[in-house]
Amino acid sequence: GGVGLPSRAQSSAGLPVFSAAGLPSPGGSNPARPGSVAPSAMPSLPPDFGLDPVSPGAQASRGAGTDFGDLELPIGDAPNLAGRASGAQGTFGAPPAFRGDGEEADLFGQAPIPGRGEPAAARPRAPVDAAVVRQSGGGTAYGEVNLGDEAEVGGELPIEAGVARQPARRDEDMEFGAIPQEDQPKKPSLGPQHATVGGARALEGLLPRKRGLGLKIYASLFVLLVGGAALALAPSLGPFGYYFVIDHVKAGEYAALVTSTVKNADGALANDTYPDAQRAIAAAENAHQSARRVRELPAFEAFVAYAEELRFGPDSAAHARATVLLDELADHPETRYLPLARAARAAADGQATQAKQLFDALAPDPSNLGQAFLGGEIALRASDPKAALALWQQLAAAHKSPRAAFGLARARYATGDSKAAEAAARDALSQNPSHVAARILLARIDSASKNGEADALSLLASVLKDAKIASANELVSAQTLLGDIHLARSRMTQAEAAYNEALKINPKAARALDGLGEALYRAGRYSEAQARFEASSQADPNDLPAKIGVAKSKLGLERVEDASAMLKKLHDSFPKSVPAAYWYGRALEASGNRALAETVYRTTLKTPSDDPQIVDTYIALALLQSQQGQNDDAQQTLGEARQKLPDLPAIHKALGDVALSQGHYSDATNEFKQALALDSEDLSARFKLGVAQRRDSKFDDASKAFDDVASVDKEYPGLALERGLLFEASGHTDEALREYEGALAKAPNDPDLMLRVGCGKVAAGRPKQAEELLRKVLSERPNSAETNHCLGRALLLEGTRLADALRYLEHAVELDANRAEYQLYVGWAANEAGNVPKAEHALAEALRLDQGLADAYWQRGVLRQRQGAARDAIADLNKALELRPTRTEAHASLADAYFDLGKEQQALAEWQIAIQAQPDNATWRFRYGKLLSANHQTELARSELEKALELSAKDDPEPRWAWEAHNLLAHAIGLKPEAVSHWQEFLRLGPRDSPYRPEAKAALEKLGHPWSGD
C-alpha cells in the first residue's frame, strides 16, 4: 500500500518512475491497461510541496514495460548534489525542512533555498544528470523503503561538505512512513566523504531536534499523499479512491448506458441485414469507448461481433477484436454477457458441441434476446434440425421480427419442409424488403421446383444488383447458387463464370470450388477439376463431394489405383452415400473387379434413396450386365429403373446414353427427345440429341440441335468438336477445321482438351492432324493408356504404319488391360497386319471383358472370313449387326463371306446396304463394281467403278486397287474412245506380269492410241 523507491538495479530493469504528484509519468502509464489513470483525472498538489515532475532525462532512462504503481521522487528545488554514483539514472534530493521562524531550509540545516516562494517555472532545477542514490540488488516490495549502507549503494556518494555519514543498519528495514522519532540518539557526523542518502533513519541524526515537529507534519502529508496515490494499484478504487467514488456516483448512468446499448443492438440485429449488424457492432463499440470502466460493455460488444459472424459469415476483423475483448476480461468471469459471448465464440469457431455446452450452462434470462437467438443459431449448427425448429418456433411466436422469421425459415428448410420454409422466408421479406438471405433461400427453393428457374434467377439478380447491402458470405452464396442452377441445366460457361465470381470474393469457398470442379470434370478437363476439388477438401475437410471429386478426377486421369484406394475408404466411411458407392463401383470396374462392382451396385440399389446419382447406379449395373452377356438381366434392370424412379429428364438421358453406346441411334434419339419434353432448358439433353442424330447421319437435324446449344452457350464443352465431326461427315472440310481449332481456343495447352480433340479427329478420319496433337499429350503423359490408344488408332487409320500402330495399341493394353475397347483395337490392327494369333487372342480378351461389344464380333468375323471359316464369320457378323445396327462395315464383310460361299446375290444385297450407308467409300464401290462386273451387270458395274475412281482421285498415294478398277471399267466401256484413258492407266499402274496387258495394248492399237511404254 505504500510507495517503493526503486534501487539502481530496479530502475535499470524497467520499473516505472512517477511524478511528484503521484501520477504516472508520460512514459510510464499504459492507457490500455485496466486501472491506468490519465493525469487529468488526478487531483493536483500544491506547488510548494517541494517535489517537481521527473526530468526528461530521468524519464528517458526508464525501461519500457514498467508496472503501474512504482514511484521515483526527484528533488526539484534542492541544490545540485556534489557527486554522482556510478551508473545513476535520475536525481534524488532531500525534501525541505522548516525553520522555527517559518523560513524554509534544507533538511541538513543549510542555508535557505533560493527561489522558494517564486513561481515554479522560475525556480532553479536540478540538473538532468544529478546523482541518484539507489539500492543495488532490489528486493524491496512495492510500498517499502530499504535503507542500505554504502555497500548496498555500490560506492561512496558525497553530498555537501559538513554533512556526516550515518551507516545504515541492515536489520532495520522499515515500512514506508515509519519516520524516525526525535527521541532517538543523534548520530555523530563522519564527514562528507562518507555521507549517504538512504531515508528517514539516515536523516535522523542529522536533523536538529527543534525541527522534529515540521518533519512530522511533512512526513504525515507525505504518507497521506503516497498512500492515496498507491490506491491506483487497485483498479476498483483508483488513486485517492477516485474510481470507487466515481463508480458509485455514476452507477445509475452506467446501468442506463448498458441497457440502452443492448436495446439498440437488439433492435438493429432484429432487421437481420448485414448493414444493421454492422451498425449494432459500431454502437456497442462506441458505448464501450465512452465508458471504459463498465466491463459489461466490452463483453456485450464481443457477443454482438460473434453473433454477426454466426449469421452473416466469417468476419476476421470483428472476430479478432472480439477475441481481444474477451481475453482482457479473463480475470472477471462474473461479468455479465461474458459467458454468453464465450458460447457465441465457440459457435463461430465451428465448435458446435462446446458451444452447446457453454450455452446450456447459462442461467436462463428471458429478458435477454441475444441469448435466445444464440440458442437458435447454435441449434442450427449442431445438425439437430428438430431442436432448431422448436427453438425458432418459440422465438418467432414471442418476438416478431425479420430475424426470427428467417431463423424459422432456415430451420424449416433444414427439416426438409420447403413449403413451410418458403412461407417463413416470405414473411421475413415482407417485414424487411431488403432482407438479402431470405431472397437467396427463396431462390434456392424455386430452383428445385419444375418451373421455378426464372423466379430463382430473378431473385438472385436482385441480390447481386444490391450487393452493397449484402455480406461477403451472402454474395458468395448467391453466386454459387447461380452456378448450381446453370450447371443443373448444363449451361457450362455460365456456371463456370458464376463460380469464379464467388471465388473472387472468397477463394476458399468450398461449395463454389465443388461446383467449378464438377463443371471442369464434365468438360473433360480432369487435371483442373482435380485441383479445384482438392482446394475444396482443404477448405472443408468434411466435404464428401470434394473428396469424391478428387477420386473421380484421378479415375479420369487413369490413376486407377489411387482412385480405387480413395473410393474404398470413402465407401467404408460413408456406406449410405450413393455417390461414394457409385464411383467405388466404377473404380472396381476399371481395375477389373467386375464381380465386386456388381455387388456394390446391387447393395446400393436395395436401399431406397432420392439421390440423383441413383439413376447412374442403375445404368452402371445394366451396362455391366450387358458386358457379361446378361442381356435379359440388363433389360430388367433398366425396366426397374423406369418403374421406381420418377419420370425425370435424368432417367431418359441415362437411357439415351446406353442406347448411344450400343449404336441404337434411333432409340437414343427418342430418349433424348423425351428428356427435352420434360425439361426444354436442359442443354445437355439437346447436345446429346445432336450427337445421336449426327451418328445416325441425320445431318440437318443434328446441325439444328447444335445451333440451339450454341445460342445458349457458344463455349459448351465438346460442341466445337461435334460440329467438326458433323462437317466432316457432310463433306464441309474447311468448316470442320475451324471447329477443331475453336475447340482448343479456350485452353490451348490443356492436355485433357488436346486429348479430347485428338481422339475426335481420329473419329473424324483425320489421322495426321490427330497424331500431331496426341504426340504433344504423350510427351506430358507417356503412361496414359488413352493417349497411346488414340495415337495407335490414328496410325492404324493411316494404313501405312501398322507396326507403329500395333506398338502403341499394345502399350495401351499393358497400361490398362481391363478396357475391352483397347483389346479390340489390338485385334483390329493385328488383323490388318495379318498376325492371326495375336488377333485371335486380343479379340477373345475383348469379348471376355464385354460380351456386348459389337465391333469385337465384327473383327472376329473378318478374321474368320480370311481364315476361310465363312459360316462362322457370318454368325459373328450378324451378331455384330444385332448389337450395333449402324456398324455398316459388317455388311461389307458379310458380302465377302457370302461371296466365299458362292451366294453372290446375297453378297450384292449386302454391298448395296453398305454403300447406301457410306456412299463416299471408294473401296467399297470398287469391290461392289467388281462383283457386279463378275455377274455381268455391266452398266451398274461401270457406274460404281467410275464413282470409285472419282472418289479416290484425290488420295495420295493412289489406292492399291486403282489399276484393277481401270481394267474392269475399260472392259465395261468396250472399244470406245472413253476407254482409252483407262487402258492407259491400267498399263501404267498394273503389274508387269498381268495377263491382261496384251489385251489392253491391242485395244489401244485398235482405238488409234498405240501404247508406247514397256
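Every value quoted in this text rests on a predicted model; they were computed, and no experiment measured them.

## A word on the overall build of the protein chain
Counting secondary structure elements, the protein chain contains 49 helices and four strands. Within the protein chain, the fraction of its 1014 residues that count as buried is 50%. Across the protein chain, the fraction of contacts at a sequence separation of at least 24, relative to all contacts at a separation of at least 6, is 56%. Surface accessibility of the protein chain: about 46700 Å² in total, with carbon and sulfur atoms responsible for 52%.

## Concerning unusual backbone geometry
Its identity is not glycine, yet serine 383 carries a phi of approximately 55°, on the positive side. Within the secondary structure, serine 383 is located in the loop between helix H13 (369-381) and helix H14 (385-398). Its identity is not glycine, yet glutamate 558 carries a phi of approximately 70°, on the positive side. Topologically, glutamate 558 is positioned in the loop between helix H23 (544-556) and helix H24 (560-573).

## Here's the deal with helix H15 (residues 402-414)
Compared with the 18 Å implied by 1.5 Å per residue over 13 residues, the 18 Å span of H15 between its first and last C-alpha is a close match. Counting buried positions along H15 yields 10 of 13 residues, so the element is predominantly enclosed. Restricting attention to buried positions, one finds in H15 the residues Pro402, Arg403, Ala404, Ala405, Phe406, Gly407, Leu408, Ala409, Arg410 and Ala411. Summarising the contacts, the buried residues of H15 are in contact with helix H7 (251-270), helix H9 (296-312), H13, H14, helix H16 (418-431) and helix H17 (436-448). Note on H15: the residue one or two positions beyond its end, glycine 416, has a positive phi of about 90°.

## Quick look at the state of the cysteines
Here the structure, examined in full by the defined rule, presents one disulfide. Through a disulfide, cysteine 759 is tied to cysteine 790; the S-S separation comes to 2.0 Å. Here the disulfide of cysteine 759 and cysteine 790 is right-handed, its torsion about the S-S bond being about 105°. Taken together, the positions of cysteine 759 in helix H35 (residues 751-763) and cysteine 790 in helix H37 (residues 785-798) put the pair 31 residues apart, joining distant regions of the chain. Classification of cysteine 759 as buried rests on a relative accessible area of 16%. Judged by relative accessible area, cysteine 790 falls into the buried class, the value being 5%.

## As for the side chain of aspartate 713
As for its placement among the helices and strands, aspartate 713 is situated in the loop between helix H32 (699-712) and helix H33 (719-729). Judged by its relative accessible area of 2%, aspartate 713 falls in the buried class. Separated by 2.5 Å, the side chains of aspartate 713 and threonine 493 make a polar contact. A distance of 3.0 Å separates the side chain of aspartate 713 from the backbone nitrogen of glutamate 715, its partner in a polar contact. For aspartate 713, the contacting residues outside a window of four places in its chain are Arg491, Met492, Thr493, Gln494, Leu683 and Leu719.

## Let's talk about the side chain of aspartate 876
Among the secondary structure elements, aspartate 876 is positioned in helix H42 (residues 870-883). Residue aspartate 876 is classed as buried on the basis of its relative accessible area, which comes to 5%. Setting aside residues no more than four positions away along its own chain, aspartate 876 makes contact with Tyr857, Arg860, Gly861 and Arg864.

## Details of the pattern of salt bridges
One pass over the structure, following the stated rule, counts 58 salt bridges. Among the ionic pairs, glutamate 640 bridges to lysine 644, the shortest N-O distance being 2.9 Å. Highlighted residues: glutamate 640 and lysine 644, both in helix H28 (residues 631-644), separated by four residues, approximately one helical turn. Take glutamate 640: its relative accessible area is 28%, and that puts it in the partly exposed class. As a salt-bridge pair, aspartate 896 and arginine 927 come within 1.9 Å of each other at their nearest N and O atoms. Taken together, the residues aspartate 896 in helix H43 (residues 889-900) and arginine 927 in helix H45 (residues 922-934) connect sequence positions 31 residues apart.

## Side note on the packing of aromatic side chains
Following the criterion strictly, the structure yields 14 aromatic pairs and no others. On the numbers, 5.8 Å between centres and 65° between planes, the contact of tyrosine 274 with phenylalanine 312 is edge-to-face. Of this pair, tyrosine 274 sits in helix H8 (residues 274-290) while phenylalanine 312 is found in helix H9, placing the two residues 38 residues apart along the sequence. On the basis of relative accessible area, tyrosine 274 is assigned to the partly exposed category, the value being 22%. A relative accessible area of 4% places phenylalanine 312 in the buried class. Relative to tyrosine 526, the ring of tyrosine 521 lies with its centre 5.2 Å away and its plane at 55°, an arrangement referred to as tilted. In this structure, tyrosine 521 and tyrosine 526 share a single accessibility class: buried. The structure contains a cluster of three or more aromatic residues connected by ring pairs, namely Tyr521, Tyr526, Tyr582 and Trp583. Geometry around phenylalanine 373 places arginine 403 over its ring, the cationic atom sitting 4.1 Å from the centre. In this structure, arginine 807 packs its charged tip against the face of tyrosine 808, placed 4.6 Å from the ring centre.

## Some remarks on the packing of helix H26 (residues 594-606) against helix H27 (residues 614-627)
Between two packed helices, both the angle of their axes relative to each other and the distance between the axes serve to describe the pair. Close contact between H26 and H27 brings their axes to 10 Å; oriented N to C, the two are set at 145°. Seen along the crossing, H26 lies across H27 with a hand that is left-handed. From H26, Arg594, Ala597, Glu598, Tyr601, Arg602, Thr604 and Leu605 reach across to H27, where they touch Ile614, Thr617, Tyr618, Ala620, Leu621, Leu624, Gln625 and Gln627. In the contact of H26 with H27, the residues fall into eight nonpolar, four polar and three charged.

## What to know about the packing of H43 against helix H44 (residues 904-917)
Across the interface, H43 lies against H44 with an axial gap of 8 Å and an inter-helix angle of 170°. By the angle class used here, H43 and H44 are roughly antiparallel. Crossing angle aside, the handedness with which H43 passes H44 is left-handed. In this structure, H43 contributes His891, Ala892, Leu894, Ala895, Asp896, Tyr898 and Phe899 to the contact, and H44 contributes Glu904, Gln906, Ala907, Glu910, Trp911, Ile913 and Ala914. Partitioning the contact of H43 with H44 into residue classes produces nine nonpolar, two polar and three charged.

The rules we used
- Every chain's residues receive numbers from 1 upward, in the order its sequence appears when written.
- With the structure being a predicted model, the display of local features is reserved for residues of pLDDT at least 70 and the display and counting of side-chain atom pairs for 80 or more, all residues being used for whole-chain, interface and lining totals.
- Working from all heavy atoms in the structure, the side-chain values ignore hydrogens and water.
- A run of H or I in DSSP becomes a helix once it reaches four residues, and a run of E becomes a strand once it reaches two; helices and strands are each numbered from the N terminus.
- Only protein chains enter the accessibility calculation, which uses a 1.4 Å probe. A residue is then buried if its area is under 20% of the maximum for its type, exposed if over 50%, and partly exposed in between.
- By definition, residues are in contact when any of their heavy atoms lie within 4.5 Å.
- All accessibility values rest on the Shrake-Rupley procedure with a 1.4 Å probe; residue burial counts only the protein chains present in the view.
- By this rule, a helix spans an expected 1.5 Å times one less than how many residues it contains.
- Disulfide assignment relies on a single distance test, namely cysteine sulfur atoms paired within 2.5 Å.
- The definition of a polar contact used here is a pair of N or O atoms within 3.5 Å, where within protein one atom must be able to donate a hydrogen and the other to accept one, and adjacent residues in sequence count solely through side-chain atom pairs.
- Whenever Lys or Arg places a side-chain nitrogen within 4 Å of a carboxyl oxygen from Asp or Glu, that contact is recorded as a salt bridge.
- In this scheme Phe, Tyr and Trp rings, the latter by its six-membered ring, pair at centre separations within 6.5 Å, and the angle between planes marks the pair as stacked below 30 degrees, edge-to-face above 60, and tilted otherwise.
- Two conditions define a charge located above a ring, namely a distance within 6 Å from the ring centre to NZ of Lys or CZ of Arg, and an angle within 35 degrees of the ring normal.
- All axes are obtained by fitting lines to C-alpha atoms, using only the stretch in contact for helices, and the reported angles, taken between N-to-C directions, cover 0 to 180 degrees.
- Left-handed describes a crossing whose near helix is turned anticlockwise from the far helix through less than a right angle; right-handed describes the clockwise counterpart.
- Ten residues, namely Ala, Val, Leu, Ile, Met, Phe, Trp, Tyr, Cys and Pro, are considered nonpolar, four, namely Asp, Glu, Lys and Arg, are considered charged, and the remaining ones, Gly among them, are considered polar.
- For classification, angles of less than 35 degrees are called roughly parallel, those exceeding 145 degrees roughly antiparallel, those between 65 and 115 degrees roughly perpendicular, and all remaining angles oblique.

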